[in-house]
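# Inside the fold
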Amino acid sequence: MTIRVAVAGCTGYAGGEAVRLLAGHPEVEIGALTGNSSVGSRLGDHLPQLPQLAERRVEPTEAASLADHDAVILALPHGASAPLAAALPETIRLFDCGADFRLRSAADWRHYYGSDHAGTWPYGLPELPGQRAVLSQAQRVAQPGCYPTASTLALAPAVASGLVTGEDIVIVAASGTSGAGKAAKTHLLASEILGSTSAYGVGGSHRHTPEILQNLRQLGAADPTLSFTPVLVPMARGILATCTAPVPDGLTAAEVYAQYERFYRDEPFVWLLPPGQWPQTASVLASNSVQVQVTVDERAGRLVAVAAIDNLTKGTAGGAVQCLNLAFGFPETTGLTVDGVAP
C-alpha cells in the first residue's frame with residue numbers, strides 16, 4: 001500500500017527532515033510541500049541536500065493544498081497547527097510536530113504558552129507503556145518535544161518500575177541550535193554561539209517542563225517534582241540529557257541496569273549501551289536511535305541516566321514517521337535508520 005503524505009512547513013528544520021525521511025520511505029508518495037514566505041520558490045533553494053526534489057515548488061500552507069492526502073506532517077510554529085487541523089477532513093491522519101496538542105492540562109498550556117488550549121491528541125512516543133496500541137488507531141497524533149523525548153526515555157524504566165518515585169528529579173539537557181528553528185536569531189549567529197555554551201529557560205520556565213512532568217505521571221509517578229535546565233551548545237543538532245533522581249538505600253547499579261535491559265529489550269530504536277559506555281550525540285546523528293546508559297551514584301544516593309538523540313530525527317520528524325508507520329500498519333522501522341553518521 002502506497003500512501004500520499006504532505007509536509008506543511010517543509011522548508012524549516014523539522015519539515016525539511018520530514019521530507020528527507022519520507023523521500024526514502026518505500027510506502028510513501030510525497031504530496032504537497034507547503035510553506036509560508038517561501039511559497040512559489042524551488043524546494044532546492046531551501047533543501048539543497050535533497051536534489052531529487054529540487055524542482056518541486058513550495059505550495060501555500062492552507063487546507064486546499066493539503067486536503068487530498070492520506071496523511072500530513074505538520075511542522076509549523078506553535079499555535080499554527082490547531083486552526084489548520086480544524087479545517088482539514090477527519091479522514092486525513094495528522095502528525096503535529098508542534099506543541100499545540102501535547103499537553104492534557106489547559107492550565108499548563110495557558111501558563112506556558114499564553115493562549116487558549118486547543119485540545120489534546122494521542123501522544124506520539126511509542127516507547128511509553130501501552131502507547132503503541134493507542135497510536136495504531138490514531139487519526140491525530142501530537143509528536144513529543146525533543147527534550148521530553150530524550151528525558152522521558154532516559155528515565156522511563158526507572159519510573160515505571162518504581163525504582164525512583166518521581167520526586168526531586170533533576171535534568172540538565174544540552175541541545176544543538178537547530179532546536180530553536182530556522183528563523184534568524186541574533187543569539188544563534190555563528191559569532192555568538194561558536195565557542196560558547198549557555199543555559200536558558202532556567203528555573204522551570206521552559207515550555208517542555210510540563211510535558212516531561214506529564215510523561216512521568218503516565219509512567220506511574222504520583223506527584224513528580226522536576227528541575228529542568230536546557231543548555232545551548234555549539235553544534236547543529238543533537239540532545240544529551242543527563243537525568244538524576246533519588247534511589248532507595250542499597251540499590252545497586254547492576255540492579256538498575258538489569259531493569260533497563262528488561263524494559264528496552266524489544267525496542268527497535270532504543271539502545272542500552274554496555275556498562276561503562278556513555279551516550280554521545282555524534283553516534284545518533286541523522287538516525288532515529290536513542291542511546292541510553294544508567295548507573296547509581298552510591299555516595300549521592302541518586303540514579304544517573306543519560307540519553308542521546310538527534311533532535312530533528314527521533315526528537316521530531318523521525319518520531320512522526322515512526323508514528324505514521326504504526327498508524328498505517330507498516331513495520332515500525334520502515335523508512336528509518338538506526339545507524340548514525342560519523343565522523
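Our structure is the block above this text.
In this report, the structure presented in the accompanying data block is examined. (Residues numbered from 1 in each chain as written. Predicted model: local features only at pLDDT ≥ 70, side-chain atom pairs only at ≥ 80, totals over all residues. Heavy atoms only, no water.)

### Regarding the overall build of the protein
Formally: Only runs of H or I of at least four residues qualify as helices and only runs of E of at least two qualify as strands under DSSP, and these elements are numbered from the N terminus. Two residues form a contact once any of their heavy atoms are found within 4.5 Å. Areas reported here follow the Shrake-Rupley algorithm with a probe of radius 1.4 Å; residue values treat only the protein chains shown as occluding. The convention is simple: Lys and Arg are positive, Asp and Glu are negative, and His and the chain ends are not counted. Think of each charge as sitting on NZ of Lys, CZ of Arg, CG of Asp or CD of Glu.
When helices and strands are counted, the protein shows 10 helices and 13 strands. In terms of principal-axis extent, the alpha carbons of the protein reach across some 60 × 45 × 40 Å. A separation threshold of at least 6 residues defines the contact pool for the protein, and within that pool the share at least 24 residues apart is 70%. For the protein, the accessible surface area stands at approximately 14,000 Å², while carbon and sulfur atoms represent 53% of it. Placing the 21 positive and 30 negative side-chain charges of the protein at their respective mean positions leaves the two points 3 Å apart.

### Description of the side chain of Asp96
Put simply, the rule is: The buried label applies to any residue whose accessible area, calculated with a 1.4 Å probe on protein chains only, is under 20% of its type's maximum; exposed applies above 50%, and partly exposed to all values in between. Each salt bridge in this description consists of a side-chain nitrogen of Lys or Arg and a carboxyl oxygen of Asp or Glu lying within 4 Å of one another. Any pair of nitrogen or oxygen atoms within 3.5 Å is treated as a polar contact; in protein, a donor-acceptor pairing is required on top of that, and neighbouring residues in sequence qualify only through side-chain atoms on both sides.
Checked against the element boundaries, Asp96 lands in strand 5 (residues 93-96). No salt bridge is formed by the buried Asp96; the nearest opposite charge belongs to Arg102, separated by 6.6 Å. Polar side-chain contacts of Asp96 include one of 2.7 Å to the side chain of Ser81. Filtering out sequence-adjacent residues up to four positions away, Asp96 remains in contact with Leu74, Ser81, Phe101, Trp121, Val141, Ala142 and Gln143.

### Points about empty space enclosed by the protein
The condition that has to hold: A cavity, in this analysis, means grid points on a 1 Å lattice covering only the protein atoms where a 1.4 Å probe fits yet has no way out; a pocket is instead an open set bounded by protein on both sides within 12 Å along at least five of seven lines, and a residue lines either one if it has an atom within 4 Å of a point. Grid points are joined across faces, edges and corners, and a volume is the space filled by probe spheres set on the points. The residue classification treats Ala, Val, Leu, Ile, Met, Phe, Trp, Tyr, Cys and Pro as nonpolar and Asp, Glu, Lys and Arg as charged. All others, Gly included, are polar.
Applying the stated criterion across every chain, the model contains one cavity of 30 Å³ or more. Size it by volume and the largest cavity reaches roughly 40 Å³. Lining the largest cavity, in full, are Gly124, Leu125, Gln143, Pro144, Thr149, Lys314, Gly315, Thr316 and Gly319. When residues of the lining of the largest cavity are assigned to their parent elements, the largest contribution, four residues, is made by helix 10 (residues 313-328). Along the lines of polarity and charge, the residues of the lining of the largest cavity split into two nonpolar, six polar and one charged.

### With respect to the packing of aromatic side chains
The relative placement of two aromatic rings is captured by the distance of their centres and the angle of their planes. Cut-off, in case you're wondering: Only rings of Phe, Tyr and Trp enter the pairing, Trp through its six-membered ring, and a pair is recorded when the two centres are within 6.5 Å. The plane angle decides the type: under 30 degrees is stacked, over 60 is edge-to-face, the rest tilted.
According to the stated counting rule, one finds six aromatic pairs in the structure shown. Consider the rings of Phe263 and Tyr264, whose centres lie 5.1 Å apart with planes at 90°: the pair is edge-to-face. Under the relative-accessibility criterion, Phe263 is labelled partly exposed at 22%. Using a relative accessible area of 4% as the deciding quantity, one classes Tyr264 as buried.

### Observations concerning the layout of surface pockets
The calculated volume of the largest pocket comes to roughly 1,200 Å³. Taken together, 48 residues form the lining of the largest pocket, with Ser178, Gly179, Ala180, Gly181 and Lys182 sitting closest to its centre. Broken down by secondary-structure element, the contributors of at least two residues to the lining of the largest pocket are helix 1 (13-23), helix 6 (146-160), helix 7 (190-193) and helix 10. Of all the elements, helix 1 adds the most residues to the lining of the largest pocket, at three residues. Tallied by class, residues from the lining of the largest pocket come to 16 nonpolar, 27 polar and five charged.

### Notes on the pairing of strand 5
Note the following rule: We call two strands paired when DSSP finds no fewer than two bridges between them. Crossovers are marked right-handed if the path from the first strand over the helix to the second runs clockwise, as seen with the strands pointing away from the viewer.
Alternating residues of strand 5 divide into Arg93 and Phe95 and Leu94 and Asp96, and every residue in both groups is buried. Where strand 4 (residues 71-74) lies against strand 5, four bridges are found, and the strand directions are parallel. Within strand 5, the residue paired with Val72 across the bridge is Leu94. A crossover links strand 4 with its parallel partner strand 5, the connecting element being helix 3 (residues 81-87), and its sense is right-handed.

### Re the pairing of strand 13 (residues 302-309)
In terms of burial, strand 13 is largely enclosed, as eight of its eight residues are buried. Burial of the side chains of strand 13 extends over both faces: Arg302, Val304, Val306 and Ala308 are buried on one face and Leu303, Ala305, Ala307 and Ile309 on the other. Bridging between strand 10 (residues 239-246) and strand 13 involves eight bridges; their strand directions are antiparallel. Each residue of the ladder has a partner; that of Thr242, found in strand 13, is Val306. Hairpin connection of strand 12 (residues 290-297) to strand 13: four residues between the antiparallel strands, including Gly301 at a positive phi of 70°.

### Overview of the environment of Ser81
Here Ser81 lies in helix 3. For the pair Ser81 and Asp96, spaced 15 residues apart in sequence, the C-alpha separation works out to 7.0 Å. Residues contacting Ser81, with those up to four places away along its chain left out, are Leu74, Leu76, Asp96, Asp100 and Phe101.

### So, the sheet that holds strand 1 (residues 3-8)
If you walk across this open sheet you meet the six strands as 3-2-1-4-5-6, and the pairing is parallel. Pairing within the sheet leaves two strands with one partner each, and these edge strands are strand 3 (59-60) and strand 6 (140-142). With three bridges joining them, strand 5 and strand 6 adopt parallel strand pairing. Paired with Leu94 across the two strands is Arg140, which belongs to strand 6.

### Some thoughts on the environment of Tyr260
Its place among the elements puts Tyr260 in helix 9 (residues 253-264). Each C-alpha atom of the pair Tyr260 and Asp116 lies 39 Å from the other, and the pair is 144 residues apart in sequence. Engagement of the side chain of Tyr260 in a polar contact is seen with the backbone oxygen of Ala154, the distance being 2.6 Å.

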